[in-house]
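Spelled out, the chains give:
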Amino acid sequence: MTHPFPFRAALYAGAALALSVLSPSWAHAATDDPVVTQADRRPQNWPANGRTYDEQHYSPLSQINRDTVGRLKLAWSSDFDTNRGQEGTPLVVDGILYATTNWSKVRAYDAATGRLLWNYDPEVPGASAVRGCCDTVNRGAAYWNGKIFVGTFDNRLIALDAKTGHTVWQVQTIPRDAWLGDIRSYITDGAPRVAKGVVMIGNGGAEFGARGFISGFDAETGALKWRFFTTPNRSNQPDHAASDPPLMTMAYQTWGPQGAWIHSGGGGTVWDAIVYDPRTDLVYVGVGNGSPWNYKQRSDGIGDNLFLGSIVAIRPETGEYVWHFQETPQDQWDYTATQHIMTTDLEIDGKMRHVLLHAPKNGFFYILDAKTGQFLSAKPYVPVNWANGVNPLTGRPNIVPDALYSLTGKPWAGLPGDLGGHNFASMSYSAQTGFVYIPAQQIPMMYVADPQPLKQKGLNLGISMQGLPDDPAIRDGFIKTLKGWLIAWDPKQQKEVFRVDHGGPWNGGLLATGGDLVFQGLANGVFHAYDATNGTDRFSFNAQSGIIAPPISYEVNGRQYIAVEAGWGGIYPLLLGRTALSSGWTVNHSRLLVFALDGTAQLPAQNDKGFIPVQPPAHVDTRQAKAGYGLYENFCQACHGDNALSGGVLPDLRWSGALRDRTAFHNVVGRGALTAYGMARFDDILPRQDIEAIRQFLIQRAQETYPREVAARTNPQGIPQGHAITE
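Bear in mind the structure is a predicted one, so any value in this text is a computation, not a measurement.

Trainee: I'm lost on the overall build of the chain in this one. Help?
Mentor: Per the secondary structure count, the chain includes 12 helices and 40 strands. Expected size for 727 residues packed as a compact globule is a radius of gyration near 27 Å; at 24 Å, the chain falls within 12% of this value. If one aligns the C-alpha atoms of the chain with their principal axes, the spans along those axes are about 70 × 60 × 55 Å. Pairs at least 24 apart in sequence give 65% of the contacts found in the chain among residues at least 6 apart. Entry remark: accessible area of the chain is about 24900 Å², with carbon and sulfur atoms responsible for 52%. Where the 60 positive side-chain charges of the chain centre and where its 66 negative ones centre are 3 Å apart.

Spelled out as structure tokens, the structure:
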């Protein structure tokens, strides 16, 4: 629903109603919008996800620079109404800032003052949270011809009037009549992109079971123009989609015909990385991981599984296939190609080339010819042990035999791990320095094949979900391997120039500016400005919450601003729990922060208490608790943390009041008493005795950890510090 501030009125309109009231100016598709297509001519705006179509996340504004950044202060802030992860990239058009937040909500502000103009709540059902792996985040909106487009977690694409927030049209992006596998666990959290009057959006869900695709809709009416599937139809039959020719003639034979993909859908979801290039008139689509991850289970260990882990180039008006390049064949490591893609011109071997730059999860920095997809080079930008480089002519990785854990049946410790050397956080590029700035990380992963039957609800990875034991020595050893860096990469030389070491991984996206600065927020809740030439820290600000979103820059009335969403979350703290706090203690305080020279605003007093430990019940059934551990790790860990230690975003179940009563716990976990808040019901897949076993496991963990949790807070601040943060 849209709420024009300060009024609160229901403004929902269905697609048919929206079409019936379209103004004459919207009756025909607008194939050009200079606000977006000529963004370089209006540097005061930030009208698209990467500002310009090249997705370089670069602003030429230079009022804030190395000499003046010492005067940078908070100009205004706005608290959000949800304390979950915030990954959105705001947009700014003609002095209005548009921010998307968790649960797919949209807010419009006066970009100079922070005055709320309107807000829109699509009222995403809480039950949809269980269909996504990685928090109910939203990575941003798109702007075109006076409208704001947002994808919702329950898979709608909605067009809003940019002035009022009123619904213009909305459509469901998941087709009912297509073959999508037997599970169809779809969510949408990525930012749409618009080119030539076509709004393009993908989806997520491959960790559970889904068939990936990207769709193009008419920006004025919401009518479907085309759809491109990224994995084949299990019967190799036509989908009556733009993808039919390449899937039927090229991709299908790269899959084992009887693998689990014929039930899961195969994966390959397009949950980010959709880039339009006006130079080539191509859309570059980053394709995700397989479903399940286990390659032997998914495809009987047969074939490269196109188009998993690939960049696919298609036409924006028709979805027609042009070329593809597969970065990770035989994927079994969750090495998606959905990470940020950018375009630029580079001199290579004495010749200027128009190229794609890509640092996907698999740890290699790729350069491809933007027109043809020709492989030009790839070098590791983080430590890599799954491949011994790539073939210099084809770019195919030289996979280490031991890395094929699903085929060997032996555990394998991978670098990068499943969260990648680079994840969703945006890179940036500065033509002034010639460097690409990468929010890089190291989070090792122990891959152990465990091909369980596919479930209708819950993760379907085909690997063991057992986490770290509650052993300080083992946990400390693992924490020492966790790294985070800002890496300045010279793409011409394909080598690192300098790096800034962070306390750990899962840091925010990057913004490079004409003031020779690079801005980034960190997992420990500090927002920084670094010298773009050498990485010197020029500015820092306590944001009071971990930051995982990318900053932007804009200008209003001659004053430059820097804006960023703060809000700790995403899959890393949800899944790894307390281990994810290796960079420092942080509690989610979701808000929009906006900075300018000589700003005068201040944040409210900081409260970092987090989830307060509560004396647990005295009795536990240890036999049931032992059985409950495996159930918890398979069904609860992905949201509430490994071994029942919360990462500070969703509730720490050790201190839940529902633990004290068997019926109350079953009402929450089994019957979905808290579905409206994102806690789904599980009595459709878990019998009552399994739910009770989980309760007993949580009671046991509460008893084991309560004394140390209390001791960790016996200091003036009342929060865990030092070594106690990750215990």
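Trainee: Which parts of the structure should I look at to understand the packing of helix α11 (residues 662-669) against helix α12 (residues 688-712)?
Mentor: A pair of packed helices can be characterised by two numbers: the angle between their axes and the separation between those axes. α12 packs onto α11 with a crossing angle of 110° between their chain directions and a minimal axis gap of 10 Å. One element, α11, and the other, α12, form an angle in the roughly perpendicular class. Between α11 and α12 the crossing geometry is right-handed. For the pair formed by α11 and α12, the contact residues are R662, F665, H666 and V669 on the first element and R688, I691, E692, I694, R695 and L698 on the second.

Trainee: Please explain the confidence of the model for the chain as it appears in this structure.
Mentor: Interpretation of this model should avoid reading the predicted coordinates in detail wherever pLDDT is low. Counting all residues, the mean pLDDT for the chain is 94, and 96% of those residues have values of 70 or more. Considering only residues more than four positions removed or in separate chains, one finds that residues 1-28, a stretch of pLDDT under 50, has 51 contacts.

Trainee: What's the story with the pairing of strand β24 (residues 364-369) in this structure? I'm lost.
Mentor: As a general feature of sheets, a regular strand has side chains that alternate between the two faces. Most of β24 is tucked away, with six of its six residues classed as buried. In β24, alternate side chains face the same way, and those of F364, Y366 and L368 on one face and F365, I367 and D369 on the other are all buried. Taking the residues that link successive antiparallel strands as the turn, the strand β23 (residues 351-358)-β24 hairpin has five residues, and the phi of G363 there is positive, at about 95°. Relative to strand β25 (residues 375-380), β24 is paired through five bridges, and the arrangement is antiparallel.

Trainee: Looking at this structure, I do not really get the sheet that holds strand β37 (residues 537-542). What am I missing?
Mentor: Note on sheets: strands pair through backbone hydrogen bonds, and any given pair is parallel or antiparallel. On the basis of which strands lie adjacent, the open sheet formed by five strands has the order β2-β34-β35-β36-β37 and mixed pairing. A single partner strand is all that each edge strand has here, and the edge strands are β2 (58-59) and β37. Sheet topology places strand β36 (residues 526-531) next to β37; five bridges connect them, and they run antiparallel. Note that in β37 the partner of H528 across the bridge is S540.

Trainee: Help me understand the layout of surface pockets, please; the structure alone is not making it clear to me.
Mentor: Empty space left among the atoms is revealed by rolling a probe the size of a water molecule over them. Estimates place the volume of the second largest pocket at around 880 Å³. Together, 45 residues line the second largest pocket, and W293, D418, M445, L575 and L576 are the ones closest to its centre. Broken down by secondary-structure element, the contributors of at least two residues to the lining of the second largest pocket are β31 (445-447), α8 (571-576) and α10 (637-640). For the lining of the second largest pocket, the leading source of residues is α8, giving three residues. Taken together, the residues of the lining of the second largest pocket sort by class into 24 nonpolar, 13 polar and eight charged.

Trainee: Just checking my understanding: could you explain helix α9 (residues 622-635) for this structure?
Mentor: In an α-helix, one turn spans 3.6 residues, which is why side chains three or four residues apart end up on the same side. Taking 1.5 Å per residue as the helical rise, α9 with its 14 residues ought to reach 20 Å, and the 20 Å between its terminal C-alpha atoms agrees with that figure. Remark: the principal bend of α9, roughly 30°, maps to G628. Where α9 is concerned, the buried positions are Q624, A625, G628, L631, Y632, E633 and F635. Among the structural elements, α10 and α12 are those in contact with the buried residues of α9. The N-cap residue of α9 is D621: its side-chain oxygen and the backbone nitrogen of R623 are 3.1 Å apart.

Trainee: So what exactly am I meant to see when it comes to the side chain of D331 here?
Mentor: For D331, the location among the structural elements is in the loop between β21 (321-326) and β22 (341-348). Buried and without a salt bridge, D331 has R298 as its closest oppositely charged side chain, separated by 5.2 Å. Those residues in contact with D331, other than ones at most four positions away along the chain, are N289, G290, W293, Y295 and R298.

Trainee: Is there a simple way to think about the packing of aromatic side chains in this case?
Mentor: What describes a pair of aromatic rings is the distance from one ring centre to the other and the angle between the planes of the rings. Summed over the entire model, instances satisfying the criterion amount to 35 aromatic pairs. Pairing Y98 with W118 gives two aromatic rings, centres 6.2 Å apart and planes at 45°, and the pair type is tilted. With Y98 in strand β5 (residues 96-101) and W118 in strand β7 (residues 116-120), the pair connects residues that are 20 residues apart, well separated along the chain. By relative accessible area, which is 5% here, Y98 ends up buried.

Trainee: What am I meant to see in the sheet that holds β23 here?
Mentor: With antiparallel pairing, the four strands of this open sheet are ordered in space as β22-β23-β24-β25. Each edge of the open sheet carries a strand with a single partner, namely β22 and β25. In this sheet, neighbouring strand axes are inclined to one another by 30° on average, regardless of whether the strands run parallel or antiparallel. In terms of strand pairing, β22 meets β23 through eight bridges, oriented antiparallel. For T343, the partnering residue across the bridge sits in β23 and is L356.

Trainee: So what exactly am I meant to see when it comes to the nonpolar core here?
Mentor: Across soluble globular proteins, nonpolar side chains have a tendency to be buried as a group. Among the nonpolar cores identified, the biggest contains 95 residues, and Y554 and F595 are the most heavily contacted of them. At six residues, strand β40 (residues 591-597) tops the list of elements feeding residues into this core. Apart from residues lying up to four places away in sequence, F595 is in contact with L72, K73, L74, A75, F527, F539, F541, Q560, Y561, I562 and V564. Counting residues in hydrophobic clusters, the runner-up holds 61 residues, among them Y284, W333, Y366 and W386.

Trainee: Sorry if this is basic, but what is going on with the state of the cysteines here?
Mentor: Linking two cysteines covalently via their sulfur atoms produces the bond known as a disulfide. Here the structure, examined in full by the defined rule, presents one disulfide. Disulfide pairing places C133 opposite C134 at an S-S distance of 1.9 Å. Measuring the twist about the S-S bond at about -75°, one finds the C133-C134 disulfide to be left-handed. Residue classification places C133 among the buried positions, given a relative accessible area of 18%. Since its relative accessible area comes to 21%, C134 is described here as partly exposed. C639 supplies the cysteine sulfur nearest to C636, a cysteine that is in no disulfide, at a spacing of 8.7 Å. Judged by its relative accessible area of 12%, C636 falls in the buried class.

Trainee: Would you explain the pattern of salt bridges in this entry?
Mentor: All chains considered together, the criterion is met by 34 salt bridges. With a shortest N-O distance of 2.6 Å, R71 and D598 are connected by a salt bridge. Linking R71 in the loop between β2 and β3 (72-79) with D598 in the loop between β40 and α9, this pair joins segments that are 527 residues apart in sequence. Its salt-bridge partner being D684, residue K457 comes within 3.1 Å of it at the nearest N-O pair. Taken together, the residues span a long stretch of sequence, with K457 in the loop between β31 and α7 (472-480) and D684 in the loop between α11 and α12 at a distance of 227 residues.

Trainee: Can you help me understand helix α3 (residues 244-251) in this one?
Mentor: Taken as a whole, α3 has its buried residues at D244, P246, L247 and A251. Its buried side turned inward, α3 meets β15 (224-229) and β21.

So, how was this worked out
- Residues numbered from 1 in each chain as written.
- Predicted model: local features only at pLDDT ≥ 70, side-chain atom pairs only at ≥ 80, totals over all residues.
- Heavy atoms only, no water.
- Helix = DSSP H or I, 4+ residues; strand = E, 2+ residues; numbered from the N terminus.
- Rg over C-alpha atoms; globule rule 2.2 N^0.38 Å.
- Contact = heavy atoms within 4.5 Å.
- Areas by Shrake-Rupley, 256 points an atom, 1.4 Å probe, with all protein chains shown as cover.
- Lys, Arg positive; Asp, Glu negative; His and termini not counted.
- Charge placed at Lys NZ, Arg CZ, Asp CG, Glu CD.
- Axes fitted to C-alpha atoms, helices over the stretch in contact; angles between N-to-C directions.
- Parallel < 35°, antiparallel > 145°, perpendicular 65-115°, else oblique.
- Left-handed = near helix turned anticlockwise from the far one by under 90°.
- pLDDT = per-residue confidence, 0-100.
- Buried < 20%, exposed > 50% of the residue type's maximum accessible area, 1.4 Å probe, protein only.
- Pairing = 2+ DSSP bridges.
- 1 Å grid on protein atoms, 1.4 Å probe; cavity = no way out; pocket = protein on both sides within 12 Å on 5 of 7 lines; lining within 4 Å.
- Points joined across faces, edges and corners; volume = space filled by probe spheres on them.
- Nonpolar A, V, L, I, M, F, W, Y, C, P; charged D, E, K, R; others polar.
- Expected span 1.5 Å × (residues − 1).
- Bend = angle between axes of the 7 residues up to and from the residue.
- Polar contact = N/O pair within 3.5 Å; in protein donor to acceptor, adjacent residues only side chain to side chain.
- Salt bridge = Lys/Arg side-chain N within 4 Å of Asp/Glu carboxyl O.
- Phe/Tyr/Trp six-rings, centres within 6.5 Å; stacked < 30°, edge-to-face > 60°.
- Core = buried A, V, L, I, M, F, W, Y, C linked by side-chain atoms within 4.5 Å.
- Disulfide = S-S within 2.5 Å.

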